[in-house]
Structure formats: C-alpha cells, structure tokens
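# Survey of secondary and tertiary structure
So the chains spell out like this:
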Amino acid sequence: MDIKLINGGVCAAQGFKASGVHCGIRKNKTKKDLALIVSDTLCNAAAVYTTNLVKGAPLTVTKNNIANGKAQAVICNSGNANTCNANGIEIAEKMCELVAAQTGISASDIIVASTGVIGQPLDITPIANGIPVLADSLSYDNCQDAAEAIMTTDTIDKQIAVEFTIGGKVCKMGGIAKGSGMIHPNMATMLVFITTDAAISSEMLGKALSGDIANTFNMLSIDGDTSTNDMVTVLANGLAGNDEITAEGEDFNIFMKALNTVTVNLCRVIAGDGEGATKLLECKVSGANSLDTAKTVAKSVICSSLLKAAMFGADANWGRVLCAIGYSGAKVDVNKIDVSFISNKGEILVCQNGAGVDFSEEKAKEILLEKEIVIDIKLNDGEFSSTAWGCDLTYDYVKINGDYRT
C-alpha cells in the first residue's frame, strides 16, 4: 500500500486542469482572486460543509448542485465570502452560469465557493469580466495559479499530490487548500479542493471523505472560530481506469490511505500557517481508554490559548497542558499522565504520573524554539490514540484580526 508524493496539486490526476487570475475583487492587483478547476469528464463528487448555522450562499448552491453526486468543475473567489448577503444565492448561481457559458459544462455540475470578508456585498461585475480570461488560462499544469487565487490571509500556497496503485492501475490524487484564520472545524472551516483520477462511486467517495475528516480536519484548530463558508470537496473522474470502488475492501482501504496522506499534509500546512503563527503544534495523545477520550484531550490541549501563548514564548509551562486536559471533560486518571515536549532539538519529559519532574529549562527552551513542536501526552490508561494540529498564539494574530475588514 505504497503512497508516493508527487508534484502537480489538483492537476496531478489525469484530466484535470486549473487556472487562477486577478479579476478585481481584491484591491491588491498583485493577488489573484479567482480560481477554476475543470475535469475533462463528469466526476463523482462529495463534499462536507461547515456546521455553523450562518452559512455562505455558495454552500447552499453547491449542496444543491452535487445532490446527485456529480460535478465537473470548481469556481472559487477570494476577497469576499458572499455570506449574509441578500442576493448571495443569486450571485453564487450566476458564477456557475458564467463558468458554464465559457466551458460548456452544465451550471448544475459546478461547485462554487467564496472566501474572505463576511457581510460585504459581492459585485458580480469583476467576476463576469474575469471568467473568460480564467477559462482561457486553463492548463493541465496550472495548479499554482489556482492555489494562489484561493488564498486570503495565507502566507503560503497549500498543495500536495500523491500517486498510488489500485487493481494494477496507477492512480493520482491532489489537493489545494486555503486556511489561516477562523479555523476550528466541525466540518469544515477552510476551503479544500481534492481531485483524483481513481474510479470510485459517489457513495463510497462520500463515505471516504466523511470518515477521514473526523480524524484530520476536525482535529485542526487555529483560533477556536468555526467559519461560515468553508468546505472540503472531492472530484473523482475515473480516468485511471481501475475497476470502480463500490464497496469496502482492499481497494477502498488504499484509496482511504491516499486520501488521508493528502488531508494530513494539508492539516499540517494550514496549522503551520495560522494567522501570525511562528510554530506548528502537533498534540499526540496515546494510552487513552477510548478514541473519544484521546480526541477530546488532543483537541482541548491544542485549543488552549494559554498553552499556545506559552509555545510562542518557548516556555515549557507543562501545567497548562494538564489544565487543558482537566477541563476537557474527558474521563482520565490525572495521576497517570506523562507529558513530553519534542522537536528536532530533542525530547524532554516535563511531567510524569501527573506531577512535575526535574528538567533542564535551558534544554526545554532549545526544544521549544523550533518551528515544529510535538506535545506528547501519554494517558497510560488504554490503547487508543489521536493527533490534533494547531499553532502558537502571537501578537500578530491580534494585529491581523484587529483591522481585517477595514
């Protein structure tokens, strides 16, 4: 079950092309703000959406469009979320119609997404003017432009692609993502677009996605705010030629491993690029009495503002880890908990059996000054484990969000 990393993002899989342009939604002309992904053929499709009761209009339109499990293209703008707008549905539907007019794809087979400021009117004019250029720019090796066009406060583009074999056929899967702030998924609170040339039914594609996000994107938190707009979508066009996956089994397991490789990579990149962040935090919990306990503990620790601030300051304040476990609601024996901090500079045990141990503050600081930190928690009470991802809390997070709208 070998999964190989390759280049190409959403264009890595056969039959997918992409593009990204600046159309004028964003004032900064150096930043692209409109992206398009198109498959040569109609795809089986699946998506998961934010659980926020306030939802962007594009989610409603997308949900209607892929109710039949089919889609062939994705149109996404950045700079405006098209949320809480009286004509939001009309705008989102119009975006699909404009793409349809340029590509010949049915408007009802198009996924539409928006990201940016909430509650601001979205003028269709720059989008209408930009879509012809966007369509003309479609290319089988243009993933980079699309990845850049969906960014908001992101400081880096986020993309990955993998290669794997099902039934003797080489398959590929790639993804792009945006997400830097307003990240606390209960699915989902970022935009993620995944493409694959593997053949898999819409039903099994949905099952794969729903099963995966519970342990990946739903274990990711930047700031505790669940967004209004965002979603994860997967398009599968079947051009790899494998026998279609219609049930669980070895082929489905391989597909799930490939999907998980893509989603975990994107989780880590999103967490490391959190607004104002200087460090990627990975909380690994093992020895839990249940999976729910492991996930609850990991998420509680990664969400602790006090711990996040301590990590920013490279302060080995392990008491904040215990504190976050204590209020998490998880049933744990606090007298069994061990905590270590790990990075490329080494590993240091700071708590054993729920109590502090002697350790070198100098060594701890050296470990915590690194860009990627693992908070390793052993509950010593069972066989279940889980991982959550987040980032440190810095001065710049407040600066970015203090005047985000203006």
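Residues numbered from 1 in each chain as written. Predicted model: local features only at pLDDT ≥ 70, side-chain atom pairs only at ≥ 80, totals over all residues. Heavy atoms only, no water.

A count of helices and strands for the protein chain gives 11 helices and 15 strands. The C-alpha atoms of the protein chain give 22 Å as radius of gyration, which agrees with the globular expectation for 406 residues (22 Å, within 12%). Projected onto the principal axes, the alpha-carbon positions of the protein chain cover approximately 70 × 55 × 35 Å. For the protein chain, the proportion of its 406 residues judged to be buried stands at 54%. When contacts within the protein chain are restricted to residue pairs at least 6 apart in sequence, long-range pairs at least 24 apart make up 80% of them. In the structure as shown, the protein chain presents an accessible area of about 16,100 Å², 48% of it carried by carbon and sulfur atoms. Averaging the positions of the 33 positive and the 46 negative side-chain charges in the protein chain gives two centres separated by 3 Å. (Helix = DSSP H or I, 4+ residues; strand = E, 2+ residues; numbered from the N terminus. Rg over C-alpha atoms; globule rule 2.2 N^0.38 Å. Buried < 20%, exposed > 50% of the residue type's maximum accessible area, 1.4 Å probe, protein only. Contact = heavy atoms within 4.5 Å. Areas by Shrake-Rupley, 256 points an atom, 1.4 Å probe, with all protein chains shown as cover. Lys, Arg positive; Asp, Glu negative; His and termini not counted. Charge placed at Lys NZ, Arg CZ, Asp CG, Glu CD.)

Right, let's get into the sheet that holds strand 11 (residues 338-343). An order of 13-12-11-14-10-15 is seen for the 6 strands of this open sheet, with the pairing classed as mixed. Taken across any chain shown, the strands that pair with only one partner, and hence form the sheet edges, are strand 13 (355-356) and strand 15 (384-391). Note that strand 11 and strand 12 (residues 346-352) share 5 bridges and pair antiparallel. Residue pairing across strands places S343 opposite G346, the latter belonging to strand 12. Sheet contacts for helix 7 (residues 291-303): strand 10 (280-288), strand 14 (372-378) and strand 15; angle to strand 15, the most-contacted strand, approximately 20 degrees. (Pairing = 2+ DSSP bridges. Axes fitted to C-alpha atoms, helices over the stretch in contact; angles between N-to-C directions.)

Here we come to the pairing of strand 4 (residues 70-80). Of all 11 residues in strand 4, 9 are buried, a share of seventy percent or more. Where strand 3 (residues 34-49) and strand 4 come together, 7 bridges link them in antiparallel fashion. Paired with V38 across the strands is A73, a residue of strand 4.

Close approach of charged atoms lets side chains of opposite charge pair. In this structure the tally under the stated criterion is 10 salt bridges. In this structure, K32 and E148 form a salt bridge, with 3.1 Å as the shortest nitrogen-oxygen distance. With K32 in the loop between strand 2 (16-21) and strand 3 and E148 in helix 4 (residues 143-149), this pair connects stretches of sequence that are 116 residues apart. The exposure class assigned to E148 is partly exposed, which follows from its relative accessible area of 28%. Across the pair K284 and E282 runs a salt bridge whose closest N-O atoms are separated by 3.7 Å. Through salt bridges that share partners, R268, E282, K284 and E372 make up one connected network. (Salt bridge = Lys/Arg side-chain N within 4 Å of Asp/Glu carboxyl O.)

It is worth spelling out the packing of helix 1 (residues 57-65) against helix 2 (residues 88-103) at this point. Contact pair helix 1 / helix 2: the axes reach a minimum separation of 8 Å and the direction vectors enclose 55 degrees. As the angle between them shows, helix 1 and helix 2 are arranged oblique. The way helix 1 lies across helix 2 gives a crossing that is right-handed. In contact with A57, P58, T60, V61 and N65 of helix 1, helix 2 contributes G88, I89, A92, E93 and C96. Classifying every residue of the contact of helix 1 with helix 2 gives 6 nonpolar, 3 polar and 1 charged. (Parallel < 35°, antiparallel > 145°, perpendicular 65-115°, else oblique. Left-handed = near helix turned anticlockwise from the far one by under 90°. Nonpolar A, V, L, I, M, F, W, Y, C, P; charged D, E, K, R; others polar.)

Moving on: the environment of I91. By the secondary structure assignment, I91 is in helix 2. Taking the C-alpha atoms as reference points, I91 and A147, separated by 56 residues in sequence, lie 22 Å from one another. Residues within four places of I91 in sequence aside, it is in contact with N82, L122 and I124.

This next bit is on the packing of helix 5 (residues 202-213) against helix 6 (residues 250-272). At their nearest, the axes of helix 5 and helix 6 sit 10 Å apart, and the two run at 45 degrees to each other. Considered as vectors, helix 5 and helix 6 are oriented oblique to each other. The chirality of how helix 5 crosses helix 6 is right-handed. Across the interface between the two elements, M204, L205, K207, A208, L209 and D212 from helix 5 touch F252, F255, M256, L259, N260 and T263 from helix 6. Across the contact of helix 5 with helix 6, the residue classes break down as 8 nonpolar, 2 polar and 2 charged.

Here we take up the confidence of the model for the protein chain. Residues at a pLDDT of 70 or more form 94% of the protein chain, whose mean pLDDT is 92. Per-residue pLDDT stays below 50 along residues 183-189; that stretch engages in 45 contacts with residues further than four places along the chain or on separate chains. (pLDDT = per-residue confidence, 0-100.)

Moving on to unusual backbone geometry. The phi torsion at A314 lies on the positive side, around 55 degrees, for a residue other than glycine. Tracing the chain through its elements places A314 in the loop between helix 8 (305-312) and helix 9 (319-326). Here A314 falls in the buried class, since its relative accessible area comes to 4%. In this structure, N380 takes a positive phi of about 50 degrees despite not being glycine. Residue position: N380 is located in the loop between strand 14 and strand 15.

Here we take up the nonpolar core. Of all hydrophobic cores here, the largest spans 73 residues; its most connected members are F164, F217, F255, V301, F341 and I377. Take this core: its biggest share by element is 10 residues, from helix 6. The contact partners of F341, leaving out residues within four places of it in the chain, are M311, A316, W318, V321, G346, E347, I348, V350, I367, L368, V374 and I375. Formed by 27 residues, the second largest nonpolar core is a distinct cluster that contains A13, A18, I176 and L235. (Core = buried A, V, L, I, M, F, W, Y, C linked by side-chain atoms within 4.5 Å.)

Within the span of helix 1, buried status applies to A57, P58, L59, V61, T62 and N65. Buried positions along helix 1 lie against strand 3, strand 4, helix 2, strand 5 (110-117) and strand 9 (231-236).

Right, let's get into the pairing of strand 7 (residues 169-178). The buried fraction of strand 7 is high, at 7 of 10 residues. Taking the residues between adjacent antiparallel strands as the criterion, strand 6 (residues 158-166) and strand 7 are bridged by 2 residues, where G167 takes a positive phi near 60 degrees. Pairing between strand 7 and strand 8 (residues 191-196): 6 bridges, direction antiparallel. Note on strand 8: the bridge partner recorded for M173 is T196.

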